[in-house]
Amino acid sequence: MTSHERDVRQDVRELGALLGDVLERQTSTAAFDTVEDVRTASIDYRRGETDSRDPVRERLDGLDPETTRTVARAFAAYFELVNVAEERERVRAIRRRREKGALEDGVQAAAAALAEADPEDAAQALADTRVVPTFTAHPTEARRKTVKAKLRRVAEDLADLDERRLIDEEEDDLVDDVEAEVESLWATRQVRPHRPTPTDEARDVRWYLEETLFDVVSDAYESLEDGLDAADADVDGDVPQLLEFRSWAGSDRDGNPFVTPDVTTDTLDAQRDAVLDRYDGELQALLGDVSQEGDRLTHTDEFEARLAAERDAVPSAAETADERYPAEPYRRYVELVRERVARVDDLRSGEYGDPDEFVSALETLAADLRANGHDAVAAERVDPLVRRVETFGFTLAALDLRDHQENHTEAVSALLDREGVDYADMDEDDRVDVLTRSILDDDGVGSLDVDDDLSDTAARVCRRFDALGDWHREYGADAIDTYCISMTEAPSHVLEVLYLADLAGVVSLPEHCGLDVVPLLETASALANARDILGTLVDNDAYGAALDARGDVQEVMLGYSDSNKENGPFAAAWDLHQNARRLAEVADDVGVELRLFHGRGGSISRGGGPMNEALLALPPETATGEVKFTEQGEAIAEKYANPRVAERELEQMLDAQIRARLRRIQGDTPAVHDEWEAAMDVAGEAARDAYRDLLDTDGFVEFFEAATPITVIEDLNMGSRPASRSSDRTVEDLRAIPWVFSWTQSRAILPGWFSTAAGLDAYLDDGGDVETLREMYRQWPFFRTTIDHIALSLARTELDIAAEYADLAPEDLRAEFFPRIEAEYDRAVELVKQVTQRDSLLRREWLAESLERRNPYVDPLNLLQIDLLGRSHRTDAEERALRLTVKGIAAGMKNTG
């Protein structure tokens, strides 16, 4: 059997048949027949063989609670298996295109661009590039870890069926194994009985880092290096470190009272244990590859000196290695390296002081292997490990701390009040002055001591910063060296964190600053005042010294989710684009290098979407080389669960960032005409007004709560963080994730497209023309990406289903809001097709096929959910069925929030 004789249709068909067999065995023939009747009736409607969904409704009506639950469970399980099948199809496509050399947006494209560039420009682009995916634990993953593990085993079996040459008996065994997993999946509880803890979330994030990314990161580098060789690129030296991974899981305190210092300590411990364990496994394997006889080797002076140093560091281990490998010097060397790595996490002396020492030891070994003609061993066994150590260090992923600025202000006010300083009543200038003087004072002003006079909030902040000093001493400053401040509005909010870090002993200016302080600019006022905020900070004696100690790099985070929720998708996209450009200009004016941190959500409605397209669509002014962005929820599983998909994602990110930086260096950036920006100014403002008019209309919140399953979602055990910031029933109070999740469930997906038509029509009514919009779509990456994202949200919307959810609302509210939503949708579809000049909303055929495959199976879950939501009283079994519909629709839509 040759590879890839299977396809997604076969996988879906066979997995669906297995699920049907299991359903009938585990429940009853009657339940199986019910599911089949619902399935076929829904397919008939989608194919146009029936005029309405009445046959589906009729089959669902009157089901007893247990059968209702079985139907919901069956469709939910089906989508989990379909998602596995589609992932396998993506791997097939990647492999086929890689074999043909047709991965046009992979690192081969970046290599070709570098080969064509001036060597100095190419080297500079590589030196500047750093891509930093940052994993967050925001509650957008609807699946239990147990369920994901079973699905991963199904995926591995499908890969074997697809790629291995099997005799019939071997194939039968694999099919039997898949059936066993499907049977086990059916019997496993699909919805979490309890909320995950922050430690659970950190463990989940750690799995992707440890089990997938640790292995594939070196493959991404190898692909780039192979591409550079094939393109005959004139790039001096080795490819530098381009990738870094960070995490908020276990350290993001904003809005989550359960993230305590103990949780962060446990996370740091577990991550260090995990990465050291992986290194130990790699070094054990390396022992088998360096068995060369010593009398056939001529060592370099560098190797001899390094071996002596390794022996001196761990003399007892050196004696053991001598006895075990008397005639194999490389094995003795690797055994000593292994021992020193093992001691990083225990009380014995002789450990490597930092990852750079470990890297140096490995590079010395690789150089000596090459000097003795063992180039293949060095390239295939040692170099990949060097890449892993450069990337993951002794921390696996560095942690970012985060909290709301109000909490810092409260803590600082309390600490200074103990010193007789009335910080709370000071204006901004006085606050900046007192903080600056305290930071620069050799003795400092105040202490982090917790006493009974401190509020709970102030005490929590003090304990966190006190623990920060311990974390730096125990794990190294690089393990947790970034602090993000939510809702930053003024320079004092940044200086407050620097002041607290100074009290913690992790800042000692001007010599040392162990923390990047990162303002998160979320509000219109903060973004409008960015120049004043950054300018004041750069000119400030204390903060200027801190910047100097950190290499004059200022990281600034842009919040996508709340911007979208508050302004609508079209206006938010333009606002964020302008603000990113404005921040780059401000940073350039004040003389610091900008590192933008894009707080993107998993869904398009929260700034998500293909990362390579997003990076290339950023303003050219922001292409400093360094870029950081959040990866959240189900997007993490979709991108990083499968090794080949993960490698492809990394390569696409590197390609986009390298090429964007190279273009910036060369001054070869796409021209953006004033006419285009003027069009977006008009359209963006009109879109914002239309969006706010909808949300601010009396009764909208009540309509939203009735026409979506938000009340069910708020009670789901999806994440450790509460769904709302308070008990107030307002859109502003609701977090962005459940806001998007709810509209996705009802198939309206309003946060992904509403007010787009209002904006574009305002531009056209103001004298604009469609041809200009078409020109913008063809030539302006930002506008093309924005329209494509909106088109996808429109394509995934099913207004006839959303209309039935709207029927759950009081009649007057439905009459007020749904016609407005419907009219905006119809006009947006019309305009998007005109601008893109496509008959279909989607430009990717495989995506259209995926929606066609999924829609007939999502529909029954929607109808079942609508029915259950409309009941004034639900039994326990019906409540569980309702939660299963939420989980099943999330799997079917491949999206939550």
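Refer to the structure printed above.
Criteria and thresholds
- Residues numbered from 1 in each chain as written.
- Predicted model: local features only at pLDDT ≥ 70, side-chain atom pairs only at ≥ 80, totals over all residues.
- Heavy atoms only, no water.
- Helix = DSSP H or I, 4+ residues; strand = E, 2+ residues; numbered from the N terminus.
- Rg over C-alpha atoms; globule rule 2.2 N^0.38 Å.
- Buried < 20%, exposed > 50% of the residue type's maximum accessible area, 1.4 Å probe, protein only.
- Contact = heavy atoms within 4.5 Å.
- Areas by Shrake-Rupley, 256 points an atom, 1.4 Å probe, with all protein chains shown as cover.
- Lys, Arg positive; Asp, Glu negative; His and termini not counted.
- Charge placed at Lys NZ, Arg CZ, Asp CG, Glu CD.
- Axes fitted to C-alpha atoms, helices over the stretch in contact; angles between N-to-C directions.
- Parallel < 35°, antiparallel > 145°, perpendicular 65-115°, else oblique.
- Left-handed = near helix turned anticlockwise from the far one by under 90°.
- Pairing = 2+ DSSP bridges.
- Core = buried A, V, L, I, M, F, W, Y, C linked by side-chain atoms within 4.5 Å.
- Salt bridge = Lys/Arg side-chain N within 4 Å of Asp/Glu carboxyl O.
- Nonpolar A, V, L, I, M, F, W, Y, C, P; charged D, E, K, R; others polar.

> How do you make sense of the overall build of the protein when you look at a structure like this?
Each helix and strand in the protein was counted, giving 38 helices and 10 strands. Here the C-alpha radius of gyration of the protein, 29 Å, is about what a compact globule of 897 residues would show, namely 29 Å. Expressed as lengths along the three principal axes of its C-alpha atoms, the size of the protein is roughly 85 × 80 × 60 Å. Across the 897 residues that make up the protein, the buried fraction comes to 60%. Within the protein, counting contacts between residues at least 6 apart in sequence, those at least 24 apart form 82% of the total. When the accessible surface of the protein is summed, it comes to about 34,700 Å², and 43% of that surface belongs to carbon and sulfur atoms. Once the 103 positive and 196 negative side-chain charges of the protein are each reduced to a mean point, those two points are 5 Å apart.

> Please clarify how the packing of helix α2 (residues 29-46) against helix α37 (residues 845-869) should be interpreted in this entry.
For any two helices packed against each other, one specifies the inter-axial angle together with the distance between the axes. Axis separation between α2 and α37 bottoms out at 9 Å; the angle between their running directions is 120°. By the angle between their directions, the pair α2 and α37 is classed as oblique. The handedness of the crossing between α2 and α37 is right-handed. For the pair α2 and α37, the contacting residues are V38, R39, S42, I43 and R46 in the first and N855, P856, Y857, D859 and P860 in the second.

> Help me out: how do you make sense of the pairing of strand β8 (residues 553-559) in this one?
If a strand is regular, its side chains alternate between the two faces of the sheet. For β8, the buried fraction is high: seven of the seven residues fall into the buried class. What you see with β8 is no split at all: V553, E555, M557 and G559 on one side and Q554, V556 and L558 on the other are buried throughout. Two strands pair when backbone bridges link them, and strand β7 (residues 516-521) and β8 are joined in this way by two bridges, in the parallel orientation. Within β8, the residue paired with L521 across the bridge is L558.

> Mind showing me how you'd approach unusual backbone geometry here?
Comment: phi is negative for the bulk of residues other than glycine, and the bulk of peptide bonds are trans. Omega for the bond connecting L509 with P510 falls within 30 degrees of zero, at 5°, which places this linkage in the cis form. Mapped onto the elements of the fold, P510 is located in the loop between β5 (507-508) and β6 (512-513). Positive phi, normally seen in glycine, also occurs at R747, with a value near 70°. Phi angles above zero are rare outside glycine, and S755 is one such case at about 85°. With respect to the secondary-structure elements, S755 resides in the loop between α31 (736-745) and α32 (756-765).

> Help me understand the nonpolar core, please; the structure alone is not making it clear to me.
Burial of nonpolar side chains together is a common tendency in soluble globular proteins. Of all hydrophobic cores here, the largest spans 118 residues; its most connected members are F570, F703, W739, F783 and L794. No other element matches helix α4 (residues 65-100), which puts 11 residues into this core. Excluding anything up to four places from it in sequence, F783 contacts F570, M680, L773, M776, Y777 and V835.

> Just checking my understanding: could you explain the pattern of salt bridges for this structure?
Pairing between side chains becomes possible if they bear opposite charge and their charged atoms approach one another. Scanning all chains against the criterion turns up 88 salt bridges. Of the charged contacts, one joins R473 and D470 as a salt bridge, the two residues approaching to 2.6 Å between their closest N and O atoms. In this pair, R473 and D470 are both assigned in helix α18 (residues 456-475), three residues apart and thus about one turn of the helix distant. The exposure class of R473 is exposed, given its relative accessible area of 61%. A salt bridge links E555 to R595, with the nearest nitrogen and oxygen atoms 2.8 Å apart. Taken together, the positions of E555 in strand β8 and R595 in strand β9 (residues 593-599) put the pair 40 residues apart, joining distant regions of the chain. Given the relative accessible area of 3%, E555 is considered buried. Taken together, the shared-partner salt bridges connect R130, E244, R246, D400, D481, D516, R550, E555, R595, E626 and K628 into one network.

> I would appreciate a short explanation of the side chain of D502 in the present structure.
Mapped onto the elements, D502 comes out in helix α19 (residues 491-503). The buried charged residue D502 lacks any salt bridge partner; its closest oppositely charged side chain belongs to R473, at an N-O distance of 12 Å. Each residue touching D502, except ones within four places of it in the same chain, is listed here: S438, I439 and V507.

> Just checking my understanding: could you explain the packing of helix α6 (residues 119-128) against helix α27 (residues 643-666) for this structure?
At a minimum axis distance of 9 Å, the contact between α6 and α27 shows a crossing angle of 130°. On the basis of the axis angle, α6 is oblique to α27. You can see that α6 and α27 cross each other, and the crossing is right-handed. When α6 is examined against α27, the residues D121, A122, Q124, A125, L126 and D128 are found in contact with a partner set consisting of I658, R661, L662, I665 and Q666. For the contact of α6 with α27, the class distribution of residues is six nonpolar, two polar and three charged.

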